[in-house]
Amino acid sequence: MRKHNASIHQAFNELVKQADESLLKDLNKLLNRVERLMVPTYFYSHCQVAERLGELRQRLADKTFFATTTEFSEENIVKTAGKSTEYFIRKVDWDRLEAELRTIIGNHPDDSFYLKEVNGEIVHQRRSHEERYATAIAQEKIRQMQVRNHQPVMTGKWRRDPFPARTRVQLTDYVPTDSISAEEGAALMGQLNTPLNGYLGQAYNYDDRGLTEEWMTSFRNGTTAASEDEVARTQLVSLMEIMLSKVQDRIYNEEKILQKPPIVLSKDVVEQPVWGVDSYTRRMVEICLEDGVPQNQRSTLTIKDFIEHRLLPAINRQSPDKAHNLSFALQSILDADGVSARDRLYASTLLSAFHQYGFELFKIHPKGTGVVCINPDGIPPQVLIAEYLGELYPAYRWCERLDVIEQAQKQLEMKPTLPDFYNILLERPRQDPDGYGLLYVDASQKANIGSSCSHSCDANCTSSIVARNGRLTIAMTTNRHVRYGEELTFDYYSITTSDVEWRAAVCLCGMTSCRGSFLAYATQEDLQQVLNQNFGPVSRYASLLRACADKKPTTEDALTLSRHGIKQAILGATPPNWMTKYAADVLRFVEFERKALPCALLRPRNGVSTEYTFSGADMDARCVMEQRIQSMVCCFSMIHRVLLGQTTRDEATGGDRKPLRPIAPRQALTLLWARLSKVPRLLEAHLLRVSDKTPEGKLLRTKRGEVEALLAAVDAVVGEEPASMAAVREAFAKVRRVLAQYQHLSYSKARLLQLADVLALWAATVNFSVPQEYDAVEAAPIVVPARELGSTVPRSVLEKARSKERERELQQRRKERRQLVELEMQLYDVGATPGRKRSKKTSPQSIAANPSAMDLAATAADGDDARRTASGSPLFGADEVNTTRESAGAELDADDGDGDGDGASTEAAAESVTATCESTESGAPVEAVAVAATESAMDVDDAPQTASVEAAQTATDGDAVKTQPPTVASTASAMDDDDSAAAAAEPATSVDGRSMDADGVGGDPDATSTAATCSSPSATVQSGGVADSQSRRPTSFHLDPNEPVFTGRKVYDRWFCFWQLMGWFNAGSDQKAEHPDLFGCVELPDPSTCFGASAAAYTAKHQEQLMGLLKDDKLQAMHWPAALKATFNVEQQEALGSTGERVFGSPMLDVVLGQIDSVPKALREIVATALSTGATATEKGGRGGKKTAAGATATATGGSGKKATKKAAVDDEDARQLDDILAPEAPTNWVQCDACNKWRRVPWHVDLEALPDPWVCGQNTWDIDAATCAAPQDAYDASKENAMYSDRDAQNTFALADFSVGSWWDVYCTKNLVYYEAQVVRLRAPTGKKKGQATQLLFHYKGWSPKFDEWVAFDSERISRHNLFTNPMASDPREQERWQGMQPVTATLRSAYVQSGSKKRKSGEGADEKKDAATAAAGRARAAESPSKKAKVGAE
C-alpha cells in the first residue's frame, strides 16, 4: 500500500512540475509585455527595466505565486492526467502578483497611466487563466460524474423538437384487421368470447413452484449449492407475486371496477406531446443534487420525490419549443406558488449546475403522444382508465406481416429498426374452456386512448386480461394515486434477444428505479443453451417422427396438455393425432428446460463466473418458458393456416397426411440398396474416367490395374437386390472392406476412406423417413407503409430502390427476349429443308450478339410477358405500371398499343419470321429471306430503341434529384446514402421508442420462399411514384408515414410444415429463422458427396472426430462440426433435395428412437476400418478421456469400457445436473415371444397395445430379419438402458398366481448389484405374527451354489420378467455380469461359483441337471399361460 501511494505521489509531482513550467511560460510572456510598456513610458533603458523586473522573475521561478488545487485528490489527478491537467492542478495567486507589480513601479509620477496599461495586460492574462481553470475544473468534474454514472444513454442525434401529433381512427371496440377475409375476421372475434368474468390474473398462470424446488434441491456447482433458506426464499418470491396478483384481482372484482365508467378524456386526462429523460440524465440530476445540496437537507427519498413528482411534470408543462431545455422547467418550479423550500433548493442547485455544465449532461428527449392527468385532484387508485383497443390479428397473420416487413427492409436495403410498440398481446386465459391462446392487437392506426400511455419502469397503471360483458379485453387500471400533471404509464416489460432492438429501446421514464431499457436483453447463447445442447436437431426430429407414428395420444399426453391449458384455441376443434402428440412432447421439453436452464445460467461459462442469483436465474427461466409457449402457439397457428383446405389423405400410405412419413422396412431395404448401387458408377467415373491431362489422371493411369481390380471387386458384390436386410448389410460390409483395401487410390475428388465410413453409417441405420410435401399456400398481400420502416424514412431510399427495380425489369425483359429468339431459331432449324446448310450470318449466335436485334425479333410474343414482369414488382402498383408505360415507357418503346414497345417494327419482324417459315415449307432459299427481313427490322428500330433505353436510364438515375424541391436538389443525391444509413443507425424514439413505427424483424421464423407480387395502391404513384414526377412533385424530403412503400405476400412452400415444426421455438420471435442443419446427424451424406470438390480432404483426423462424435451422447444429437462437414461435397447433397431424393435417417436418430445398437454397430465398422488402414487408433472418449480403438470397440458392444465412462460421469458431481442430461425420451417398449421367450424391442412407431396376444416372432412386421424364433434376441446395452428402468410400479404388478415352482424370473441381487436369472424353488405363506404380509419366494440364482438361495417377497421391486434385464445367451454368472456392464464379483463369491459350476460340469447328465431341465420346462409352460407377455418399460 505504501509503495502504491509513493508511486502516485511521484507521478503527481511530475504533473505539478509540468504544470508549473507551462504557467511560468505564460507569466514570463506577461512580464515581457509589461517590460515593453515600461521602456517608452519611463524612458528607461532595457537594462534598467530588466533589473527592476528581475527580482519578480526570480520569485516566479521560485513558484512564489503558485498554489496547488485542493478540489481533487492526488490519485484522481494522476488517473485523469491529460491536456487540461495543467489548468486545474495549479493556479496563480493573481492578487499577490498585481501587488508586487505596483510596488515595483509605485514611485513614478505617471503611475496612473502606467497602471492602466499594466492592469489591462494583467486583467487579460488573468481572465484567460481563470477561464481555462474553470473550464478544466468543470470538465474534470463532468468526467468524475460520468465515472459515477453507469446508466445507459440515448445515442444518436439529439432531437429537440417533438414528434408529429399522433392521428388515429377512434375505436370503441376491437375490430379485425382488414388484411383477412370476413370469415376469418368473424372467427377471430369469436375467440374473444368467454364464460369467465372479471379480472382473470395472469393468462398463462402455470404453477411452476414444484419445478423450482426440483432444480434448486438438485443443483450443484462444485461446492456451491442452494441452501434450504435460498430454496424457500426463491419460492417465496414467486409465491408472493402470484398472491399479490390474486389479491389485486380480488379487490378489483369486489370493487366492481369494470362496472364503473372509465375516466373522461379532456376532463380527467389529455393527450399531448410528452417528454422524458433517459437513465443517464436522471443519474446526472441525482449526482448534482448529491454534490450540491448539504447532506442534512437531502435523502434518497426526497430526491426521488423531487424528480418524479416535481421535475418530470414540470418538463411536460413546457411549450414544445422549450421542453428540451431543462432550465425552463427548473425556472418554472422556482416561479410557481406553493413549492416547498426543499424543492426550491433542489431546483436552484440544478439550475446552477445546468449553467455550469451545459446542455449535454441534461438532455431531454421527445417521447411522442402521451396521456397526462389534468384533474386537479388527481386520479385515485383502482380506477379504470380505458381498454387497450386496436386491430386484431391472428397469430399466423401477424407473423406474415412481420415477414413482409422484413422483405421490405431487404428490398429497400434498410437495416432492422426497433419494432412498433403500439402492439400488445391479448392472451387467452389458461382456465378458459377453450384454453390458452394468443391474439395480437395493433393500435398504430385504429385505437383509443389506452395505446397512448407511455412506458414506465415504475408505472402508475397496470394492464390486465379481463372478461367484460362476456368478452376478453385488456383493461388499464391505476395502481396508485396519479397526481395532477403526472403522465399515465404502464410497464412494457418483455425480453428480446435482438441486440439492435435492445440498444434502441432506451427507456425515457426518468424513474429512479428505471431499468435503462423497456426491453430486457438476454443473449441467444444464454437462453438457448439448454435447447441447443440438450435438445438438438436429432432429438427434435425424433420427437416429430414419434408424433407422426400411427399411435393414439396417451393419457399422459392429455394430462400434459391440460396442465398448460393447451386446448381448442391452439389445436383446433378436432386436431390430428400427430399434432396432439407433438404438442405434448414439446411441453414436456419446456418443463424440462424450465428446470435445467437455471442450472445452466448459474454455472460458470468459459471460466467466467456468472452474475446470476438463484432468484434471477429462476425468473429468467420462467420468462423463457412463457416465450416458448407463445412460440408454440404461433407455430401451430401457421401450421393450421397451411393445412386449411389441404388433402387430409396420404396417397402413398392411405392414412392421414403427417409432416413426416416413415419408410416401411421393405422400402428401406430398397433404399439402402439404391445407395450401395451408386458406388460402382461413382468409382468408375472418378477413378477410371479421369482425364490424363490432370495430375490425378496421370497417377491413376499408372495404377489402372488396381483401379480395375477395385471395380471388379465392388461389381461382384453389387448385383441383384438381396431379399433380406442382413444380406444388404453384409454387402455393405464387403464393399467397405474392399474400399479399405484400396483406399490408397484416394485423391481430392475421390475420398474412398470417407466413402467407407459413410457406408457404415448407412448400413447401421434402421429408421428412414421423408418429409410430407403439402401444397404451396400463398397468403393475401400486405401493404407496408413507411411508418413500419422507421419514424422518418428518406424519400431517396424509395427512389433508389425503384430505380434498381426498373433496371432489373429491363434486364429481365432483355433476357427473356434473347431466350425467345434462340427458341425461334431452334424451331427454324427443325423446319429447315434437309441437306441445306444454314448461313453463318443467320445463326442464333450471330443474332444473339445484337441485343437490339433480338428484342425486335422476340417482341411479337413478348408483350404480355413483359407487362406481367413489370406488374409483379413489389415497388410498382398496377396503376403505376400502366402510368409508367404511358409516360416514361413511351420514351423507351415505340408502343403499338400492347405495352411492349415493338410498334411497327415488331409487326415487321413478326411478318419476317412468318415469311421465313413459309419459305422454308416451300423449299425457297429461306436464309436470304430471313436475313433480309431481320436486317430491315433492325435498321428501322435499332437506333431509336437504344436511344430510348439510354434516356430511360438517365431519367432513372436522376429521379432522386428531379423529385426534390429546388432548394434541396443539389444535396438530395449526396444524402441518399447518408440518410438511409442514418435512418437505420439512429432510430429516433418516441414514447420510449414507440414513435419508431416499424414492427421490427422476424415474426415468422421459417426460412421459406417469399413472394412480393401484389401491386401497391395507386396512392403510391400520387405520393411517391417516380413516374410522371413533374406533375406529382413531393412536398417533403421524407416519406409520409402512411405512404405505401412495399407490397408483398408470404408463400408457404411445400416443406414449410416440416421446417416450421423443427424450429417451433422461433415462431413469432425476433430470431432469424434458418433451416436447422440436419446434415450428418439426421440426413446422412449421400455416397455421391464423397466424390467431387470439397473444401477439405478427409483424413484420419476427421475419422477420429467422427468416432468421437458417435461416442458422445450429446454430440450425437447435434449437427456435425463445420470442419467435418467441409470434407463432403455438400452441393451434391443439396442437389438431391431438389430432385426429390432427400431421405432422413441416421444411427444417431435410431438411438434417440430406441434402437440403441445402431451407433455401436456403425462405430465398430469405422473402428475396424481405421485399424485395417493403419489410421490413428486413439480417439477422444468423451468424459472417459483418451481411449484406444480397442476400447472404442468395447464401448460399441456395451462392454466394460462404456461402463467405465458411465461411472466417471456418475462420480462427477456436476455431471448429474439437470443441464447436463439429455431431454426426456419416450419409453422403450419390448415384447416377449410366447414361443421362444425371447424379447424383441418394439420400435417407436408400433403401437404396443395393438399387438396380438399371444404374440410370436413370426408376427414381427418391423424387423424382417428377426421375424423368426431362430433369430437371436435383440441386443440390450445395460450401460444405456439400465437408467431407463426407474419406474417400477408399472412393471412389477404381478399376482401371486404368476409365480409357480420352477418358473424363471430376473431377480436383482443386492450384494453384487446385478440382475441374475433366478428360479422359484419354494413358496412360503406368512403365518403367526407375519400373517398379512406378502408371500415369500425362495429363488435359486442360475449358476450359483444353493447356499446363496434367497427369500424375496413376491411383490418386491427386485423381481422382473425373465430376460428383461438378463442375457438369455449368457453361459455363466460372470458373463451375465460382464454383459450388464458390472465388475466381476469378489473372490469369495467367485470360489463358490467355481465349485458349483465344476460340480455341474462334472455331473453332466446327473439328477441335478435333469431336475433343472424339468423345472425350467415347467417354468416355460407356466409362463406361456400368463395373460400377457408384453412389457412397457421406461423412465421420464
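Structure report, in brief. For every chain, the first residue of the written sequence is number 1, and numbering continues from 1 along that sequence. It should be noted that, the model being predicted, local features are given only for residues of pLDDT at least 70 and side-chain atom pairs only at 80 or more, the latter also being counted only at that level, while totals for whole chains, interfaces and linings use all residues. To obtain the side-chain values, all non-hydrogen atoms of the structure were included, while hydrogens and water were left out.

Considering the packing of helix α9 (residues 228-254) against helix α22 (residues 614-643)
Heads up, the rule is: Structural elements are reduced to axes, namely lines fitted to C-alpha atoms, with helices fitted over the stretch in contact, and the angle between N-to-C directions of any two is expressed from 0 to 180 degrees. Numbered from the N terminus, helices here are DSSP runs of H or I no shorter than four residues, and strands are runs of E no shorter than two. Reported orientations rely on four angle classes, namely roughly parallel under 35 degrees, roughly antiparallel over 145, roughly perpendicular from 65 to 115, and oblique for the rest. For any pair of crossing helices, the crossing counts as left-handed if the nearer helix is rotated counterclockwise from the farther one by less than a right angle, and right-handed if it is rotated clockwise. Between two residues, a contact is recorded if the distance between any of their heavy atoms is within 4.5 Å. Each residue is assigned to one class: nonpolar for Ala, Val, Leu, Ile, Met, Phe, Trp, Tyr, Cys and Pro, charged for Asp, Glu, Lys and Arg, and polar for all the others, Gly among them.
Where α9 meets α22, the axes come as close as 9 Å, and the angle between the chain directions of the two elements is 45 degrees. By the angle between their axes, α9 is oblique relative to α22. In this structure, α9 meets α22 at a crossing whose hand is right-handed. Mapping the contact onto sequence places Glu230, Thr234 and Glu241 in α9 and Phe614, Ser615, Asp618 and Met619 in α22. Broken down by class, the residue content of the contact of α9 with α22 amounts to two nonpolar, two polar and three charged.

Examining unusual backbone geometry
Glycine aside, the phi torsion of most residues is negative, and most peptide linkages are trans. The line we're drawing: Exposure categories follow from relative accessible area, calculated using a 1.4 Å probe and restricted to protein chains: below 20% of the type maximum is buried, above 50% is exposed, and the middle band is partly exposed.
Between aspartate 1253 and the following residue, proline 1254, the backbone shows a cis peptide bond with an omega angle of 10 degrees. Relative to the helices and strands, proline 1254 is located in the loop between β30 (1239-1242) and α48 (1278-1281). Of note in the backbone geometry, lysine 256 takes a positive phi value of approximately 55 degrees without being a glycine. Exposure remark for lysine 256: the relative accessible area of 48% places this residue in the partly exposed category. Despite not being glycine, glutamine 382 shows a phi value in the positive range, around 60 degrees. Residue class for glutamine 382 comes out partly exposed when judged on its relative accessible area of 29%.

Focus on the packing of aromatic side chains
Here is the rule: The aromatic pairing rule takes the rings of Phe, Tyr and Trp, using the six-membered ring of Trp, and pairs them if the centres are within 6.5 Å, calling planes under 30 degrees apart stacked, those over 60 edge-to-face and the rest tilted. A positively charged side chain is recorded as over a ring if its NZ (Lys) or CZ (Arg) lies within 6 Å of the ring centre. The angle to the ring normal must also be within 35 degrees.
Using the criterion set out here, one finds 34 aromatic pairs in the structure. When the centroid spacing of 4.8 Å and the interplanar angle of 55 degrees are considered together, the rings of tyrosine 199 and tyrosine 252 count as tilted. Taken as a pair, tyrosine 199 in strand β5 (residues 198-199) and tyrosine 252 in helix α9 lie far apart in primary sequence, 53 residues in all. Accessibility assignment for this pair places tyrosine 199 and tyrosine 252 in one class, buried. Relative to phenylalanine 1128, the ring of tryptophan 1120 lies with its centre 6.0 Å away and its plane at 40 degrees, an arrangement referred to as tilted. For the pair tryptophan 1120 and phenylalanine 1128, one class covers both residues: buried. One aromatic cluster is present, built from ring pairs that chain together Phe535, Phe589, Phe592, Trp1064 and Phe1065. Just above the ring of tyrosine 422 sits the side chain of arginine 166; from NZ or CZ to the centre is 4.3 Å. Cation over ring: lysine 1050 sits above tyrosine 1052, and NZ or CZ is 5.2 Å from the ring centre.

Some details on helix α27 (residues 752-764)
Where we set the bar: Under the convention used throughout, the expected extent of a helix is 1.5 Å for every residue step, that is, one less than its residue count.
Taking 1.5 Å as the rise per residue, α27 with 13 residues should run 18 Å; its terminal C-alpha atoms sit 19 Å apart, in good agreement. With 13 of its 13 residues buried, α27 lies for the most part within the structure.

Focus on the sheet that holds strand β17 (residues 471-478)
Within a sheet, neighbouring strands are paired by backbone hydrogen bonds and run either parallel or antiparallel to one another. The test is simple: When DSSP locates at least two bridges between a pair of strands, those strands are taken to pair.
Strand order in this open sheet of four strands is β5-β16-β17-β10, and the pairing throughout is antiparallel. Every interior strand has two partners, whereas the edge strands, β5 and β10 (384-387), have only one. The pairing of β5 with strand β16 (residues 461-468) spans two bridges and is antiparallel. Bridge pairing links tyrosine 199 to valine 466 in β16.

Observations regarding the pairing of strand β13 (residues 437-442)
For β13, the tally of buried residues reaches six of six residues, placing the bulk of the element in the interior. Neither face of β13 is exposed, since Gly437, Leu439 and Val441 on one face and Leu438, Tyr440 and Asp442 on the opposite face are all buried. As paired elements, strand β11 (residues 391-394) and β13 share four bridges and run antiparallel to each other. Paired with tyrosine 393 across the bridge in β13 is tyrosine 440. In this sheet, β13 lies alongside strand β12 (residues 423-428) in antiparallel orientation, the contact comprising six bridges. Opposite arginine 428, over in β13, you have glycine 437 as the bridge partner.

Side note on the sheet that holds strand β32 (residues 1314-1324)
With respect to topology, five strands assemble into an open sheet ordered β34-β33-β32-β31-β35, the strand pairing being antiparallel. Where the open sheet ends on each side, the last strands, each with one partner, are β34 (1350-1353) and β35 (1359-1360). Strand direction decides the pairing type here: strand β31 (residues 1304-1309) and β32, joined by six bridges, are antiparallel. By the bridge assignment for β32, valine 1307 is matched with tyrosine 1316.

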